[in-house]
2 protein chains.
Amino acid sequence: MTVLETQGFLPHIAFDSVVFGFSKGKLKILLMEYHDTGWLALPGGFVGKNEDLDEAAKRGLKERTGLDNIYLEQFYTFGNMARFRPEVMQTILAANGFHLDSDHWMLDRFISVSYFALIDFEKVILTPDELSDSIAWYEIENLPNLILDHNAIVRKALQTLKENLERKLIGGNLLPERFTMNELQQVYEAIFGQKLRRTTFQRKMLGLEILERHEKLYTGKSHKAPYLYSFRKV
Amino acid sequence: MTVLETQGFLPHIAFDSVVFGFSKGKLKILLMEYHDTGWLALPGGFVGKNEDLDEAAKRGLKERTGLDNIYLEQFYTFGNMARFRPEVMQTILAANGFHLDSDHWMLDRFISVSYFALIDFEKVILTPDELSDSIAWYEIENLPNLILDHNAIVRKALQTLKENLERKLIGGNLLPERFTMNELQQVYEAIFGQKLRRTTFQRKMLGLEILERHEKLYTGKSHKAPYLYSFRKV
DNA sequence: ACCTATTGTCTCATAATGAGACAATAATAA
DNA sequence: TTATTATTGTCTCATTATGAGACAATAGGT
């Protein structure tokens, strides 16, 4: 099925995903770079005529990252007229050799149902789509300009993530199965954008009784080895 | 512009609104009853081809309640295949004398961008739309069956409202400009679905320094008169 | 055996909350 | 006028949570 195949998709409806990863103490997201234009955008796609909206978002993530069973949460639907800029999509498609009539469905107005995902950075296998040169990680603190309203989408995703972080205890989804308390703290610090007090953080996390303690991790560093933890199942 | 006028609206995209009001100690929402069928549904509508998504929701509310400048928040977009039940819309329209071809846009699949609103119960002037016999208040604790997935939409709206209640301090939007501490507490109790401790609630609210104290309210009851409060502007 | 950086746990001060006591008071009844 | 009643506003005290730091334990290196 090619990207231009029209029968398969609902017109006017797209999805975009803000995929968060964590590496080297930094919170990052995935961005695609389109051919020639150099324009950057969130990974996204269209919804099949017979496909659940959520399934479309999952499928899109699977295609770009190779991952199944991801933490995925819908957070907002963007539908302002200001995001209707047919010349943007036209330029992207032209750079790929497609020259569409101005009444083609892909040049119509779209609303974007937006999701954010939390994934284990190490597990991802990045795969660009047909319109892109590359898909790569970018630090959230230092994002370049993105097409359309995608910078605003990222801001809202990050805001939602912050608001839900404690209540839903989802921070661990950015780490591998087992992690140290320090790694978990770094995730929280990267998301909140501020340093946290080590002892208070540790006491709080242990007090919630959601962590399971495992063996120690000997890193070769000359100091006490930290325990590994995982989130308690069910 | 009639409801069947097709050029004006985006296909496949609808909005629905969960309009919360508070009266006699109960949290209530607005429901429409369709002609003949007796089916109940959330007030909603379609998005103009040149209309912001949020503007469409505001317009819909204005039409049903007569109110402008409402607290309105988008909370989720429902897009499962399970909500695609063309026979439901067909029956509703048939009851109004419209017999559409099965490929008519109103019988297509729709995703619903859903909003919740908080309004002053006393200010509303209810106005049914062309397809409805009535629009009326129903207690949230004792909702009847609604069409499609509208019961699920209400549940999610209430959940979002609960989660945001303290963080955003939006409870006051359900009351008139001036209110007693007891009235405010009743709003919180109705939303959370549980009794709160009077003294703790009062201390907390006053401690937030968002309330302005006005004159006392003499109700004629034989006990100490409570102060009236309003939310501090800016 | 000593040094260093980091970890896990403890203590103490401060802030927030739960639970109730109690005086003030607006209307009514005696 | 005085007593009664229901409710309100404010206090107090116990309990719990959080901020800030002290300190011993320890994995390696010197």
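Residues numbered from 1 in each chain as written. Chains lettered and ligands numbered in written order. Predicted model: local features only at pLDDT ≥ 70, side-chain atom pairs only at ≥ 80, totals over all residues. Heavy atoms only, no water.

## Structural notes on the protein's contact with DNA strand D
For DNA strand D, the set of nearby residues contains 25 residues, the closest of which are Ser222 and His223 of chain A together with Arg198, His223 and Tyr227 of chain B. A distance of 3.3 Å is found between a base oxygen of DNA strand D and a side-chain nitrogen or oxygen belonging to Lys224 of chain B. No other element matches helix H5 (residues 198–207) of chain B, which puts five residues into the surface near DNA strand D. Across the surface near DNA strand D, the residue classes break down as five nonpolar, 10 polar and 10 charged. (Near = heavy atom within 4 Å. Polar contact = N/O pair within 3.5 Å; in protein donor to acceptor, adjacent residues only side chain to side chain. Helix = DSSP H or I, 4+ residues; strand = E, 2+ residues; numbered from the N terminus. Nonpolar A, V, L, I, M, F, W, Y, C, P; charged D, E, K, R; others polar.)

## Considerations on the domain arrangement of chain A
Residues and elements named next belong to chain A. Taken domain by domain, chain A holds domain 1 (9–172) and domain 2 (176–231). Just the C-alpha atoms count here: the centres of domain 1 and domain 2 sit 30 Å apart. The partner domain 2 presents 12 residues to the 12 residues of domain 1 that form the contact. When the two sides are added together, the surface that domain 1 and domain 2 hide from each other amounts to roughly 1,200 Å², 75% of it contributed by carbon and sulfur. The largest per-residue losses of area from domain 1 upon contact with domain 2 belong to Phe22, Leu165 and Leu169, which jointly make up 41% of the total buried on that side. Linking domain 1 to domain 2 there are zero residue pairs in polar contact (both at pLDDT 80 or more). Top element by residues in the side of domain 1 that touches domain 2 is helix H3 (residues 150–168). It accounts for five residues. By residue class, the composition of the side of domain 1 that touches domain 2 is six nonpolar, three polar and three charged. (Domains from an automatic or database assignment. Contact = heavy atoms within 4.5 Å. Buried area = accessible area lost by both parts, 1.4 Å probe.)

## Focus on the interface of chain B and chain A
Accessible area lost upon the coming together of the parts is a frequently used measure of interface size. Taken together, the contact pairs 23 residues of chain B with 23 residues of chain A. The junction of chain B with chain A conceals about 2,000 Å² of combined surface from both sides, 53% of it contributed by carbon and sulfur atoms. At the surface where chain B touches chain A, the tally comes to two salt bridges. In this structure, Glu163 of chain B and Arg167 of chain A form a salt bridge, with 3.3 Å as the shortest nitrogen-oxygen distance. Seen at the junction of chain B and chain A, the total is 13 residue pairs in polar contact (both at pLDDT 80 or more). Among the elements of the structure, strand E1 (9–23), strand E4 (44–48), helix H1 (53–65), strand E5 (71–78), strand E6 (111–118) and helix H3 (150–168) of chain B are those that each provide at least two residues to the side of chain B that touches chain A. Ranked by the residues each element gives to the side of chain B that touches chain A, the list is headed by E1 of chain B, at four residues. Split by residue class, the side of chain B that touches chain A holds nine nonpolar, seven polar and seven charged. (Salt bridge = Lys/Arg side-chain N within 4 Å of Asp/Glu carboxyl O.)

## Thoughts on the relation of the copies chain B and chain A
At an RMSD of 0.1 Å, chain B and chain A line up after a rotation of 180° and a shift of 0.0 Å along the axis. Such a turn and shift between the copies fits a two-fold axis. In this assembly the copies share their binding face: 100% of the residues contributing to the interface of chain B also contribute to that of chain A. (Least-squares fit on C-alpha atoms with pLDDT ≥ 70 in both.)

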